[in-house]
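# Observations on chain architecture
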Amino acid sequence: MRPDINSEKTTEDYLEAMLIIKNKNGEVRSVDVARQLGITKPSVTYTTKRLKEKGYITMDKDNYITITESGLKIAEKIYARHNTLTELFVRLGVPEDIAAEDACKIEHDISSETFDALCRHLETYTKK
């Protein structure tokens, strides 16, 4: 089954994965995205084509993926949410692997207002 590229969550998951891979390896290939997301290469091929059409990524002649400015904006937002939510859950006593998994589920659906309030709370908690 192919991912729904019209799904904002799918777009965010792919772009976040690409950002993580870029930060780790310095370059992004479809096979790395498949491995990172635990999906098949054909699914990645299908979705990267759609991401390219939407202007979120480019691909060179060797099929290396580059995140565009608009794609990077989305990727960084989701990655920051993921890290902040994971940190908050760990501080609440949740094991790190479960905290990261739960953060991945919530990062797409939480409103900006609620996320900002959590950040303020976390900042206040950190100062003590």
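Our structure's up above, just so we're on the same page.
Summarised in this report is the structure supplied together with it.

What counts, and at which threshold
Residues numbered from 1 in each chain as written. Predicted model: local features only at pLDDT ≥ 70, side-chain atom pairs only at ≥ 80, totals over all residues. Heavy atoms only, no water. Helix = DSSP H or I, 4+ residues; strand = E, 2+ residues; numbered from the N terminus. Buried < 20%, exposed > 50% of the residue type's maximum accessible area, 1.4 Å probe, protein only. Areas by Shrake-Rupley, 256 points an atom, 1.4 Å probe, with all protein chains shown as cover. Lys, Arg positive; Asp, Glu negative; His and termini not counted. Charge placed at Lys NZ, Arg CZ, Asp CG, Glu CD. Core = buried A, V, L, I, M, F, W, Y, C linked by side-chain atoms within 4.5 Å. Axes fitted to C-alpha atoms, helices over the stretch in contact; angles between N-to-C directions. Parallel < 35°, antiparallel > 145°, perpendicular 65-115°, else oblique. Contact = heavy atoms within 4.5 Å. Nonpolar A, V, L, I, M, F, W, Y, C, P; charged D, E, K, R; others polar. Salt bridge = Lys/Arg side-chain N within 4 Å of Asp/Glu carboxyl O.

As a further point, take the overall build of the protein. Counting its regular elements, the protein contains six helices and two strands. In the protein, the succession of α and β elements from N to C terminus is α-α-α-β-β-α-α-α. Residues counted as buried form 34% of the 128 residues belonging to the protein. With the model as given, the accessible surface of the protein reaches about 8000 Å², and the carbon-plus-sulfur share is 51%. Side chains of the protein carry 20 positive and 22 negative charges; the gap between the two charge centres is 3 Å.

Across soluble globular proteins, nonpolar side chains have a tendency to be buried as a group. In this structure, Tyr14, Leu15, Met18, Val28, Val33, Ile57 and Ile65 are the most contacted members of the largest nonpolar core, which totals 14 residues. Residue assignment for this core shows that the elements contributing at least two residues are helix H1 (8-25), helix H2 (30-37), helix H3 (41-53) and strand S2 (65-67). Per-element tally for this core: the top contributor is H1, with five residues. Counting eight residues, the second largest nonpolar core, distinct from the first, contains Leu85, Phe89, Ile110 and Leu122.

Quick look at the packing of H1 against helix H4 (residues 69-91) now. The geometry of H1 relative to H4 is characterised by a closest axis approach of 8 Å and an angle of 85° between their N-to-C directions. Looking at the two axes, H1 sits roughly perpendicular to H4. Contact residues: H1 offers Glu12, Leu15, Glu16, Leu19 and Ile20, while H4 offers Gly71, Leu72, Ile74, Ala75, Glu76, Ile78, Tyr79 and His82. Its residues placed into classes, the contact of H1 with H4 shows eight nonpolar, two polar and three charged.

Another aspect to go through is the side chain of Glu16. Its place among the elements puts Glu16 in helix H1. Buried and unpaired, Glu16 has no salt bridge, with Lys9 as the nearest side chain of opposite charge at 8.1 Å. Residues in contact with Glu16, not counting those within four places in the same chain, are Ala75, Ile78, Tyr79, His82 and Glu107.

Under the counting rule described, the total for this entry stands at eight salt bridges. Residues Asp32 and Arg29 are paired through a salt bridge, measuring 2.9 Å at the closest nitrogen-oxygen approach. Where Glu87 meets Arg91, a salt bridge forms, and the shortest distance between an N and an O atom there is 2.8 Å. Here Arg91 and Glu87 lie together in helix H4, a separation of four residues that amounts to about one turn. Sharing partners across several salt bridges, the network here consists of Arg29, Asp32 and Arg35.

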